[in-house]
Structure formats: structure tokens, C-alpha cells
Amino acid sequence: MRHDGTSEIFAYWNDLRGTRAAPERREISPALIRSRLSDTFILRASGPGEARFRLAGTRICSIYGRELKGQSFSSIWQAKDKAVIARIVASSLTSKTVVQSAYEGKSSRGRKMLFNLILLPLANEVHERHLLGMIAPAGKPFWLESDAIIENSLRSISMIDPRNPANRPAGGLRAEDHKPLISNTLLPAPSGSRRVRHLMVFDGGKILD
């Protein structure tokens, strides 16, 4: 688990979860993740519809140069990655697996920046499903938040099942003990990608652990 803030939000989610597949949305306390709140977001999917931003932190909106609330999650990704992102989100919502990803963001002026993403499933509600997410830049360039990111491109993906006995050490479940898992059923390899052990690597990119 990375130590850029995504590990902190994972640990918080995991503590709330306990022995359940996922915590409930009403259990999320903004006050307890105040230091990371501007980097977090919540996705909502109603019925079979695609996931949309229900809430997005101020820094995330600033990075993308627009208010993301109500917009589809796929809207921030390049065209060739949209279908993969849709499958990842659907898998996480259904199977309650955690998703980690490294991606490259391209700005309106052609600048590029690496980001880390984590998606954490929440318990299903009557007609809606939700994910708690966080976006963490892998650096602090001077131009970030002034030169808007207009497109994301995937670099690596891993999916983690916190309930899998193989990932659960005798002393209890800890963020640093997880081994990423990826399922051929949940996430078929798209064209232009290959698998290296537990990771899916996209052509032109690199693995970021």
C-alpha cells in the first residue's frame, strides 16, 4: 500500500469495515479524515447507470479546473481507457474489492503528472451504490492546480480483496500486509495491455508500487 495518503484513507476505511465486506456511507466522518478531505471523493451509481461524482474535494476540482460533482467518473479519462475504467468501477461496486491505480494526467498545456488513485467500496444502499476514493499527485509541481488536467491515461491497476484469507496475517488485517490480486473474470485484459504478476500494465507506461 502506498504511503502518499492513500494508505491512510485505506486504514481508515478498513477500521470502519471491521469484519464486513465494506462500511456504510453514513459511517464516514469528514472530521476524522480532515487532513485528506480535499483529495477525496465519493462516486455514486444508481441502478445500472455509470458512476458519477457525488462529492469531490476542493483540491481535486482545482487540479481538473472544474466542479466535478454530478459528472461521470469516466469523463476525466482518455477515450481508450473509458471502458476499462467502467469495468473496474463496476467490479469494485459489485465484488467490494479495493482498487489501486497509477495514472498519468495531461494538462491543457501538455504538461504531464503522475497520480495515484484508490477506490474503496461502501455498503450497498436500496437503489444506490457508492465508492470512497482518493487522488494523490506523485509530486508538487508549481503548475499543478493552475494548469488544469484535462485527460487521464492509465499506467497500472491492481485489485485487492481484503477478505481473502491469503491476505490476512495472523495478527489481524493491516494495510501494509495486503497483496494485490487481479481476477481474469472481473477485469479482462484490454488491448494494449499485459499482466506482470498481479498488475495490469498498459503499453507506454510503467509499474508504480
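Because the structure is predicted, anything quoted here is derived from the model rather than measured.

So, how was this worked out
Residues numbered from 1 in each chain as written. Predicted model: local features only at pLDDT ≥ 70, side-chain atom pairs only at ≥ 80, totals over all residues. Heavy atoms only, no water. Helix = DSSP H or I, 4+ residues; strand = E, 2+ residues; numbered from the N terminus. Buried < 20%, exposed > 50% of the residue type's maximum accessible area, 1.4 Å probe, protein only. Contact = heavy atoms within 4.5 Å. Areas by Shrake-Rupley, 256 points an atom, 1.4 Å probe, with all protein chains shown as cover. Core = buried A, V, L, I, M, F, W, Y, C linked by side-chain atoms within 4.5 Å. Salt bridge = Lys/Arg side-chain N within 4 Å of Asp/Glu carboxyl O. 1 Å grid on protein atoms, 1.4 Å probe; cavity = no way out; pocket = protein on both sides within 12 Å on 5 of 7 lines; lining within 4 Å. Points joined across faces, edges and corners; volume = space filled by probe spheres on them. Nonpolar A, V, L, I, M, F, W, Y, C, P; charged D, E, K, R; others polar. Pairing = 2+ DSSP bridges. Phe/Tyr/Trp six-rings, centres within 6.5 Å; stacked < 30°, edge-to-face > 60°.

**Here we look at the overall build of the chain**
And then number 1: The number of helices and strands found in the chain is 3 helices and 8 strands.
And then number 2: Each helix (α) and strand (β) of the chain, taken in turn from the N terminus, gives the series α-β-β-α-α-β-β-β-β-β-β.
And then number 3: Burial status across the chain gives 47% buried among its 209 residues.
And then number 4: Taking the contacts inside the chain whose residues are at least 6 apart along the sequence as the reference set, 58% of them involve residues at least 24 apart.
And then number 5: For the chain, the exposed surface amounts to about 10000 Å²; the carbon and sulfur share of it is 51%.

**Notes on the nonpolar core**
And then number 1: Core analysis: the biggest nonpolar cluster contains 32 residues, and F41, Y64, F73 and L119 have the highest contact counts within it.
And then number 2: Elements with a minimum of two residues in this core: β1 (40–46), α2 (58–64), α3 (82–95), β3 (98–107), β4 (112–121), β5 (128–137) and β6 (149–160).
And then number 3: With 5 residues, α3 is the largest single contributor of residues to this core.
And then number 4: Setting aside residues up to four positions removed in sequence, F73 forms contacts with F41, L43, A51, R52, F53, I85, V89, L117 and L119.
And then number 5: Ranked by size, the runner-up nonpolar core spans 15 residues in total, among them W13, V98, I118 and L120.

**Points about the environment of I33**
And then number 1: Relative to the assigned elements, I33 resides in the loop between α1 (6–17) and β1.
And then number 2: Spatially, the C-alpha atoms of I33 and I9 are 7.5 Å apart, while their sequence positions differ by 24 residues.
And then number 3: Not counting residues up to four positions away in its chain, the partners in contact with I33 are I9, Y12 and I28.

**Structural notes on the pattern of salt bridges**
And then number 1: For the structure shown, the criterion picks out 9 salt bridges.
And then number 2: With its nearest N and O atoms 3.0 Å apart, the salt bridge here joins E27 to R20.
And then number 3: Of the residues examined, R20 reaches a relative accessible area of 32% and is grouped as partly exposed.
And then number 4: Of the charged contacts, one joins R44 and E128 as a salt bridge, the two residues approaching to 3.9 Å between their closest N and O atoms. Of this pair, R44 sits in strand β1 while E128 sits in strand β5, placing them 84 residues apart in sequence.
And then number 5: Under the relative-accessibility criterion, R44 is labelled partly exposed at 32%.

**Quick look at the layout of surface pockets**
Where empty space is left becomes clear once a probe the size of a water molecule has been rolled over the atoms.
And then number 1: Its boundaries defined by the atoms lining it, the largest pocket holds a volume of some 240 Å³.
And then number 2: Lining the largest pocket are 14 residues, with I28, P30, L37, I42 and L55 positioned closest to its centre.
And then number 3: Residue assignment for the lining of the largest pocket shows that the elements contributing at least two residues are β1 and β2 (52–56).
And then number 4: Class assignment for the residues of the lining of the largest pocket results in 9 nonpolar, 2 polar and 3 charged.

**Some words on the pairing of β1**
And then number 1: β1 sits mainly inside the fold: 5 of its 7 residues count as buried.
And then number 2: Here β1 runs beside β5; their pairing, made up of 7 bridges, is antiparallel. Among the inter-strand pairings, R44 is bridged to a residue of β5, identified as H130.
And then number 3: Across 4 bridges, the pairing between β1 and β2 is antiparallel. The partner of I42 across the bridge, within β2, is L55.
And then number 4: Between β1 and β2, which pair antiparallel and follow one another directly, the connecting turn spans 5 residues, one of which, G47, has a positive phi of 55°.

**Brief notes about empty space enclosed by the protein**
And then number 1: A full pass over the atoms with the stated rule returns 1 cavity of 30 Å³ or more.
And then number 2: The computed volume of the largest cavity comes to approximately 30 Å³.
And then number 3: Forming the walls of the largest cavity are F73, I85, I88, V99, S101, L117, L119, L154 and I157.
And then number 4: Of all the elements in the fold, those that place two or more residues in the lining of the largest cavity are α3, β3, β4 and β6.

**Quick look at the packing of aromatic side chains**
And then number 1: Using the criterion set out here, one finds 7 aromatic pairs in the structure.
And then number 2: Considering the side-chain rings of F41 and F53, the 5.5 Å spacing of their centres and the 65° angle between planes classify their relative orientation as edge-to-face. Of this pair, F41 sits in strand β1 while F53 sits in strand β2, and the two are 12 residues apart along the sequence. Accessibility assignment for this pair places F41 and F53 in one class, buried.
And then number 3: Geometrically, the ring pair formed by Y103 and F115 is stacked, given 5.2 Å between the ring centres and 10° between the ring planes.

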